[in-house]
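Tertiary structure, described
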Amino acid sequence: YYRSDRTIDINKVFLYTLALSPYEIWWEDYTYTQDNGEEYEETLFVYEYDAYHEVNQAIDEITMPYLSSFYPIEHQIEYVYEELINQVSYDDNAVNDEERTSNSFDAYGALIEHKAVCHGYALAYLGALKDIHVPTILITSDIDDHAWNMVYYEGEWTFFDVTYEDSDDIDDGYYYYYALNKEELELDHRFDQRSDSTLSYDEYMELAEFIFDVE
């Protein structure tokens with residue numbers, strides 16, 4: 001549901017869609033022939049049907065205990081965070097997969113195979129939070145080769161990094177990458193600059209304000 005009728009940059013639609021979808025999607029061009037014999041082309045988003053439903057089922061298994069509960073939404077956000085940390089292991093081998101063919105780069109790897117790199121962790125968290133109706137966006141950083149989440153938490157947009165939290169070096173019951181503000185996040189994270197292939201911090205915020213009614 002869009003809260004604004006203002007325009008957004010049409011050239012960024014694919015990047016915006018990637019920031020909002022927990023599923024692996026891509027563009028494909030199709031050519032159709034009309035009744036009069038003229039041809040026209042369309043560019044459509046496509047996804048793998050079976051993987052889509054497997055990911056949805058895995059998300060439901062995580063979120064089901066909370067969908068009809070009376071737990072505060074903040075507790076639900078924390079539960080999903082902790083559940084992913086417990087379920088998923090970082091896939092060191094996938095880091096060397098330059099073509100990114102491994103499932104560890106998407107939510108399927110995290111939720112079905114229980115192995116992921118940062119992009120898989122962040123997509124899984126995006127999918128689970130969307131399922132419990134929490135405004136969430138995937139943040140990707142080419143400059144850091146990393147991904148994390150922007151989540152509307154306790155009345156403001158904050159940042160969560162499940163990947164960094166799921167570290168052998170962190171096991172003291174304290175969250176270090178949970179609901180950080182921008183200044184805290186930028187101690188060891190960097191946003192990309194605005195470009196044809198990347199989104200800046202300001203663009204992510206503009207997208208959040210365009211999509212989510214959180215005021």
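Residues numbered from 1 in each chain as written. Predicted model: local features only at pLDDT ≥ 70, side-chain atom pairs only at ≥ 80, totals over all residues. Heavy atoms only, no water.

1. Description of the overall build of the chain
Applicable threshold: Put simply, DSSP H or I for four residues or longer makes a helix, DSSP E for two residues or longer makes a strand, and each gets a number counted from the N terminus. The atom set for the radius of gyration is the C-alpha atoms, and the globule formula is 2.2 Å times the number of residues raised to the power 0.38. For the exposure calls, accessible area comes from a 1.4 Å probe over protein chains only, and a residue counts as buried if that area is under 20% of its type's maximum, exposed if over 50%, partly exposed in between. The contact definition used throughout considers only heavy atoms, calling two residues in contact when any of these lie within 4.5 Å. Computed with a 1.4 Å probe, the accessible areas rest on the Shrake-Rupley method; for each residue, only the protein chains presented here act as cover. By the counting scheme adopted, Arg and Lys are positive, Glu and Asp are negative, and His together with the chain ends is not counted. The location of each charge is read from NZ of Lys, CZ of Arg, CG of Asp or CD of Glu.
Secondary structure summary: the chain contains 8 helices and 7 strands in total. Taking 2.2 N^0.38 as the reference for a compact globule, 215 residues should give roughly 17 Å; the C-alpha atoms of the chain span a radius of gyration of 18 Å, in line with that estimate. A total of 215 residues make up the chain; the buried ones form 42% of that total. At a minimum sequence separation of 6, the contacts of the chain that also span at least 24 residues come to 53%. Approximately 12,700 Å² of the chain is accessible, and the part contributed by carbon and sulfur atoms is 44%. Here the chain contributes 9 positively and 51 negatively charged side chains, and the mean placements of these two sets differ by 8 Å.

2. Considerations on the sheet that holds strand β7 (residues 156-160)
Backbone hydrogen bonds are what pair the strands of a sheet, in a parallel or an antiparallel way. Using the following cut-off: By the convention used here, strands pair only if DSSP detects at least 2 bridges between them. For helices, the fitted axis covers only the stretch in contact; all axes are lines through C-alpha atoms, and the angles between them, taken along N-to-C directions, range from 0 to 180 degrees.
Read from one edge of the open sheet, 3 strands run β5-β6-β7, paired in antiparallel fashion. Looking at strand neighbours, the two that pair on one side only are β5 (136-141) and β7, the edges of this open sheet. Across the sheet, the axes of successive neighbouring strands diverge by a mean angle of 30 degrees, strand direction being ignored. As defined by bridge partners, strand β6 (residues 146-153) adjoins β7 across 5 bridges and the pair is classed as antiparallel.

3. Concerning the environment of Glu209
Tracing the chain through its elements places Glu209 in helix α8 (residues 201-211). Under the relative-accessibility criterion, Glu209 is labelled partly exposed at 42%.

4. Observations concerning the environment of Ser102
Rule in force here: As used in this structure description, the phrase polar contact means that two N or O atoms lie within 3.5 Å; if the pair is within protein, one of them must be able to donate a hydrogen and the other to accept it, and residues adjacent in sequence are counted only when both atoms belong to side chains.
Note that Ser102 resides in the loop between β3 (89-90) and α4 (107-113). Once residues within four sequence positions are removed from consideration, Ser102 is found in contact with Asp91, Ala94 and Asp97. A polar contact of 3.0 Å, which involves the side chain of Ser102, links it to the backbone nitrogen of Ser104.

5. Some details on helix α1 (residues 13-20)
Looking only at α1, the buried set comprises Leu15, Tyr16, Thr17, Ala19 and Leu20. Looking at the packing, one finds that the buried side of α1 touches β1 (25-33), β2 (39-47), α5 (118-131), β5 and α8.

6. Looking at the nonpolar core
Under the convention used in this document: In this description, a nonpolar core means a group of buried Ala, Val, Leu, Ile, Met, Phe, Trp, Tyr and Cys residues linked to one another through side-chain atoms lying within 4.5 Å.
With 57 residues, the main nonpolar core has Ile77, Leu84, Leu111, Tyr125, Ile137 and Met150 as its most contacted residues. Take this core: its biggest share by element is 9 residues, from α5. Those residues in contact with Leu84 that sit more than four places away from it in its chain are Ile62, Leu111, Tyr121, Ala124, Tyr125 and Val162.

7. Thoughts on the packing of α1 against α8
The following threshold applies: Roughly parallel here means an angle under 35 degrees, roughly antiparallel means over 145, roughly perpendicular means 65 to 115, and every remaining angle is called oblique. Three classes are used: nonpolar for Ala, Val, Leu, Ile, Met, Phe, Trp, Tyr, Cys and Pro, charged for Asp, Glu, Lys and Arg, and polar for all others, with Gly counted as polar.
As a packed pair, α1 and α8 sit with axes 11 Å apart at the nearest point and diverge in direction by 75 degrees. With respect to α8, the element α1 is oriented roughly perpendicular. For the pair α1 and α8, the contacting residues are Tyr16, Ala19 and Leu20 in the first and Glu203, Tyr204, Leu207 and Ile211 in the second. Of the residues belonging to the contact of α1 with α8, the class tally is 6 nonpolar, no polar and 1 charged.

8. What to know about unusual backbone geometry
If you check the backbone angles, His114 has positive phi at about 60 degrees while not being a glycine. For His114, a relative accessible area of 32% corresponds to the partly exposed category.

9. What about the pairing of β2?
Sheet topology places β1 next to β2; 9 bridges connect them, and they run antiparallel. Looking at β2, one finds that Thr33 is bridged to Glu39. The hairpin turn running from β1 into β2, its antiparallel successor, is 5 residues long, and Gly37 in that turn takes a positive phi close to 90 degrees.

10. Digging into the pattern of salt bridges
A pair can form between side chains of opposite charge whenever their charged atoms are brought close. For clarity, the threshold we go by: The salt bridge definition used is simple: a Lys or Arg side-chain nitrogen within 4 Å of an Asp or Glu carboxyl oxygen.
Scanning the entire structure with this criterion turns up 5 salt bridges. The shortest N-O distance in the salt bridge between Glu203 and Lys12 comes to 2.5 Å. In this pair, Glu203 sits in helix α8 while Lys12 sits in the segment before α1, placing the two residues 191 residues apart along the sequence. For the pair formed by Glu203 and Lys12, the shared burial category is buried. In this structure, the salt-bridge partner of Asp144 is Arg190, at a minimum N-O distance of 2.7 Å. A residue pair is termed long-range when its members are at least 10 positions apart, and Asp144 in the loop between β5 and β6 and Arg190 in the loop between α7 (182-185) and α8 qualify at 46 residues. By sharing partners, the salt bridges in this structure join Lys12, Arg194 and Glu203 into a single network.

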